[in-house]
Amino acid sequence: PQITKSYAVGDMKYMRKLVYAGAKYSFFLMLFFSIPLCLETKQILVLWLKLVPDHTIAFVRLTLIATMLLVLGNTLSVAQGATGKLKRFSIITSIFTFLEFPLVFIFFNLGYSPESCYYIHVVIYAGLVFVKIYIVKEYVGFTYSSYVREVIFKVFRVSAAAVVLPIVTLIFFE
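Residues numbered from 1 in each chain as written. Predicted model: local features only at pLDDT ≥ 70, side-chain atom pairs only at ≥ 80, totals over all residues. Heavy atoms only, no water.

(A) Fine view of the side chain of Lys24. Position of Lys24 relative to the elements: it lies in helix α2 (residues 12–39). No salt bridge is formed by the buried Lys24; its nearest oppositely charged neighbour, Glu150, is found at 4.8 Å. Among residues more than four places away in sequence, those in contact with Lys24 are Glu150, Val151, Lys154 and Val155. (Helix = DSSP H or I, 4+ residues; strand = E, 2+ residues; numbered from the N terminus. Buried < 20%, exposed > 50% of the residue type's maximum accessible area, 1.4 Å probe, protein only. Lys, Arg positive; Asp, Glu negative; His and termini not counted. Salt bridge = Lys/Arg side-chain N within 4 Å of Asp/Glu carboxyl O. Contact = heavy atoms within 4.5 Å.)

See the structure below:
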């Protein structure tokens, strides 16, 4: 509501601040839960399912990664919604997302593993963030580089730092 409200009153600077902060905090919240889930996926699935089907561990991990990428672009969607100009945004993002289906079909026909569909899913969602940035920047008044600098670089820098200690701990204690 604050993003929409700030757009309605014409406070674009505050709106950009909210879009950037919302993207970062949403990502960090997902990261907080995803790191332990990714590192302990096998143990969690064994406790839950007893017999873990093939590829399930990879599916869970890749789904968590894709979800983190999805939340990274959610505030961009809210910002675009605040402008009321949704037709172009919806068509382009839908077409881009739909590309996943023919790509998965091609990869499966070429004999790739079941995990390949999730790798494609992750790549599509990563690309979707950049597609959203490209569209929304026209209406909201920020630059492509400012979003990448203020959000993308920061979340990946924190992610890299946050993953190191748990991975080192897991390696030494197993």
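Now that the structure is up, let's keep going.
(B) Region of interest: the pattern of salt bridges. Enumeration according to the criterion identifies three salt bridges in this entry. Here Arg149 ties to Glu150 by a salt bridge, and the two come within 3.7 Å at their closest N and O atoms. The partner of Glu150 in a salt bridge is Lys154, and the shortest N-O contact between them spans 3.2 Å. Remark: Lys154 and Glu150 occur in helix α9 (residues 144–173); sequence separation between them is four residues, near one turn of the helix. Residue Lys154 is classed as partly exposed on the basis of its relative accessible area, which comes to 29%.

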